[in-house]
Amino acid sequence: LFFAGLFVVVEGLVESGAPAWLFARFPLGHVAEGPVGGVGLAAFFLIGSNIVSNVPFILVVRESMSELADPELGWYLLAMGSTFAGNLTLLGSVANVIVAEAGRDVGGVGFWSHLRLGVPIALLTTAFGTAWVLWLAG
(Lines give C-alpha, C1' and ligand atoms only; values in the text may rest on other atoms or scores of the structure.)
Protein backbone atom coordinates (compact mmCIF):
# COMPACT_ATOMS: atom_id res chain seq x y z
CA LEU A 1 0.00 0.00 0.00
CA PHE A 2 2.86 2.33 0.84
CA PHE A 3 4.50 1.83 -2.56
CA ALA A 4 1.23 2.14 -4.49
CA GLY A 5 0.26 5.20 -2.47
CA LEU A 6 3.56 6.84 -3.33
CA PHE A 7 2.80 6.49 -7.04
CA VAL A 8 -0.68 7.92 -6.54
CA VAL A 9 0.69 10.94 -4.67
CA VAL A 10 3.45 11.54 -7.22
CA GLU A 11 1.04 11.21 -10.14
CA GLY A 12 -1.20 13.73 -8.36
CA LEU A 13 1.79 16.04 -8.07
CA VAL A 14 2.50 15.67 -11.80
CA GLU A 15 -1.18 16.24 -12.67
CA SER A 16 -1.20 19.39 -10.52
CA GLY A 17 1.24 20.94 -12.96
CA ALA A 18 3.84 21.73 -10.27
CA PRO A 19 6.73 19.89 -11.99
CA ALA A 20 5.82 21.47 -15.36
CA TRP A 21 5.75 24.90 -13.71
CA LEU A 22 9.13 24.25 -12.07
CA PHE A 23 10.76 22.94 -15.25
CA ALA A 24 9.36 25.87 -17.26
CA ARG A 25 11.29 28.22 -14.95
CA PHE A 26 14.33 25.97 -14.43
CA PRO A 27 14.60 23.83 -17.58
CA LEU A 28 16.19 20.43 -17.22
CA GLY A 29 18.24 21.20 -20.32
CA HIS A 30 20.08 23.96 -18.44
CA VAL A 31 21.23 21.48 -15.81
CA ALA A 32 22.86 19.42 -18.57
CA GLU A 33 24.70 22.28 -20.32
CA GLY A 34 28.43 22.65 -20.58
CA PRO A 35 31.33 20.25 -20.36
CA VAL A 36 30.21 18.83 -17.02
CA GLY A 37 26.51 18.80 -17.89
CA GLY A 38 26.22 15.04 -17.54
CA VAL A 39 27.62 15.28 -14.03
CA GLY A 40 25.12 18.01 -13.13
CA LEU A 41 22.29 15.98 -14.57
CA ALA A 42 23.31 12.85 -12.64
CA ALA A 43 23.59 14.93 -9.44
CA PHE A 44 20.12 16.39 -10.06
CA PHE A 45 18.71 12.90 -10.55
CA LEU A 46 20.45 11.68 -7.37
CA ILE A 47 18.97 14.48 -5.28
CA GLY A 48 15.54 14.45 -6.93
CA SER A 49 15.23 10.72 -6.48
CA ASN A 50 15.61 11.22 -2.74
CA ILE A 51 12.83 13.80 -2.57
CA VAL A 52 10.04 11.55 -3.89
CA SER A 53 11.87 8.18 -3.93
CA ASN A 54 13.82 6.85 -6.85
CA VAL A 55 11.22 5.04 -8.93
CA PRO A 56 8.38 7.62 -8.71
CA PHE A 57 10.90 10.40 -9.50
CA ILE A 58 10.88 9.17 -13.10
CA LEU A 59 7.22 10.22 -13.30
CA VAL A 60 8.24 13.72 -12.26
CA VAL A 61 10.94 14.21 -14.91
CA ARG A 62 9.67 12.09 -17.81
CA GLU A 63 8.04 15.00 -19.68
CA SER A 64 11.15 17.17 -19.38
CA MET A 65 13.58 14.57 -20.69
CA SER A 66 12.84 15.58 -24.30
CA GLU A 67 14.32 19.05 -23.58
CA LEU A 68 17.78 17.58 -23.27
CA ALA A 69 20.23 17.94 -26.14
CA ASP A 70 20.73 14.17 -25.97
CA PRO A 71 17.58 12.64 -24.43
CA GLU A 72 18.89 9.09 -24.83
CA LEU A 73 21.99 9.92 -22.77
CA GLY A 74 19.67 11.64 -20.27
CA TRP A 75 17.60 8.47 -19.89
CA TYR A 76 20.76 6.42 -19.31
CA LEU A 77 21.91 8.89 -16.64
CA LEU A 78 18.43 8.88 -15.08
CA ALA A 79 18.35 5.07 -14.94
CA MET A 80 21.79 4.95 -13.37
CA GLY A 81 21.37 7.96 -11.07
CA SER A 82 17.94 7.06 -9.76
CA THR A 83 19.07 3.51 -9.08
CA PHE A 84 22.15 4.54 -7.10
CA ALA A 85 20.12 7.29 -5.41
CA GLY A 86 18.34 4.59 -3.46
CA ASN A 87 21.53 4.19 -1.47
CA LEU A 88 21.80 7.85 -0.40
CA THR A 89 19.12 8.08 2.28
CA LEU A 90 16.76 5.67 3.96
CA LEU A 91 13.90 7.37 2.10
CA GLY A 92 15.67 7.21 -1.26
CA SER A 93 14.13 3.85 -2.05
CA VAL A 94 10.95 2.19 -0.89
CA ALA A 95 12.98 -1.03 -0.56
CA ASN A 96 15.11 0.67 2.11
CA VAL A 97 12.02 1.62 4.10
CA ILE A 98 10.58 -1.89 3.84
CA VAL A 99 13.82 -3.53 4.99
CA ALA A 100 14.34 -1.01 7.82
CA GLU A 101 10.78 -1.57 9.00
CA ALA A 102 11.14 -5.36 8.82
CA GLY A 103 14.38 -5.18 10.77
CA ARG A 104 12.96 -3.07 13.58
CA ASP A 105 12.51 -6.14 15.81
CA VAL A 106 16.24 -6.90 15.68
CA GLY A 107 17.50 -3.36 16.19
CA GLY A 108 16.54 -1.84 12.85
CA VAL A 109 18.31 0.76 10.80
CA GLY A 110 17.85 4.41 11.62
CA PHE A 111 17.93 7.36 9.26
CA TRP A 112 21.30 8.66 10.48
CA SER A 113 23.03 5.27 10.62
CA HIS A 114 21.90 4.61 7.05
CA LEU A 115 23.01 8.08 5.96
CA ARG A 116 26.50 7.54 7.40
CA LEU A 117 27.07 4.66 4.99
CA GLY A 118 24.62 5.65 2.27
CA VAL A 119 26.16 9.01 1.39
CA PRO A 120 29.65 7.77 0.51
CA ILE A 121 28.29 4.69 -1.26
CA ALA A 122 25.80 6.72 -3.32
CA LEU A 123 28.31 9.44 -4.18
CA LEU A 124 31.05 7.01 -5.21
CA THR A 125 28.81 4.72 -7.25
CA THR A 126 27.08 7.66 -8.93
CA ALA A 127 30.41 9.34 -9.76
CA PHE A 128 31.80 6.11 -11.18
CA GLY A 129 28.55 5.30 -13.02
CA THR A 130 28.33 8.80 -14.49
CA ALA A 131 31.93 8.64 -15.70
CA TRP A 132 31.25 5.21 -17.19
CA VAL A 133 28.04 6.27 -18.99
CA LEU A 134 29.66 9.46 -20.32
CA TRP A 135 32.73 7.52 -21.44
CA LEU A 136 30.59 4.97 -23.30
CA ALA A 137 28.53 7.76 -24.87
CA GLY A 138 31.64 9.75 -25.82
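Residues numbered from 1 in each chain as written. Predicted model: local features only at pLDDT ≥ 70, side-chain atom pairs only at ≥ 80, totals over all residues. Heavy atoms only, no water.

**Some words on the side chain of Asn 54**
Along the chain, Asn 54 falls in helix H5 (residues 54–61). Looking at Asn 54, its side chain comes within polar contact range of the main-chain oxygen of Ser 82, at 3.1 Å. Other than its neighbours up to four places away in sequence, Asn 54 contacts Ser 49, Ser 82, Thr 83, Gly 86, Gly 92 and Ser 93. (Helix = DSSP H or I, 4+ residues; strand = E, 2+ residues; numbered from the N terminus. Polar contact = N/O pair within 3.5 Å; in protein donor to acceptor, adjacent residues only side chain to side chain. Contact = heavy atoms within 4.5 Å.)

**Topic: helix H4 (residues 37–52)**
Because an α-helix packs 3.6 residues into every turn, residues spaced three or four apart end up facing the same way. Between the first and last C-alpha of H4 there are 23 Å, a value that for 16 residues agrees with the 22 Å anticipated at 1.5 Å per step. Taken as a whole, H4 has its buried residues at Gly 37, Gly 38, Leu 41, Ala 42, Phe 45, Leu 46, Gly 48, Ser 49, Asn 50 and Val 52. Those residues of H4 that are buried are in contact with helix H1 (2–16), helix H3 (28–31), H5, helix H6 (71–85) and helix H8 (111–137). Phi turns positive, to about 85°, at Ser 53, one or two residues after H4. (Expected span 1.5 Å × (residues − 1). Buried < 20%, exposed > 50% of the residue type's maximum accessible area, 1.4 Å probe, protein only.)

**As for unusual backbone geometry**
Residues other than glycine seldom take positive phi values, yet Ser 53 does so here, at roughly 85°. Take Ser 53: it is sitting in the loop between H4 and H5.

**So, the confidence of the model for the protein**
The pLDDT averaged across the protein works out to 89; a share of 99% of its residues lies at or above 70. H8 holds the highest mean pLDDT among the elements of the protein, 94, whereas H3 holds the lowest, 84. (pLDDT = per-residue confidence, 0-100.)

**Concerning the pattern of salt bridges**
The full count for this structure, using the stated rule, is 3 salt bridges. In this structure, Glu 63 engages Arg 62 in a salt bridge whose closest nitrogen and oxygen atoms are separated by 3.6 Å. The exposure class of Glu 63 is exposed, given its relative accessible area of 59%. When its relative accessible area of 30% is taken as the criterion, Arg 62 is described as partly exposed. With a closest N to O distance of 2.2 Å, Glu 101 and Arg 104 form a salt bridge. Residue classification places Glu 101 among the partly exposed residues on the basis of a relative accessible area of 46%. The exposed category is assigned to Arg 104, whose relative accessible area is 52%. (Salt bridge = Lys/Arg side-chain N within 4 Å of Asp/Glu carboxyl O.)

**Focus on the packing of aromatic side chains**
Under the criterion given, the structure shown has 7 aromatic pairs. Summarising the aromatic geometry, the rings of Phe 45 and Phe 57 are spaced 6.3 Å apart at their centres and angled 65° between planes, so their arrangement reads as edge-to-face. Linking Phe 45 in helix H4 with Phe 57 in helix H5, this pair joins segments that are 12 residues apart in sequence. A relative accessible area of 0% places Phe 45 in the buried class. On the accessibility criterion, Phe 57 (4% relative accessible area) is buried. Judged by centre distance (5.4 Å) and plane angle (40°), the ring pair of Trp 132 and Trp 135 falls under tilted. Placement of both Trp 132 and Trp 135 in helix H8 is noted, with a separation of 3 residues, approximately one turn of the helix. The exposure class of Trp 132 is partly exposed, given its relative accessible area of 45%. (Phe/Tyr/Trp six-rings, centres within 6.5 Å; stacked < 30°, edge-to-face > 60°.)

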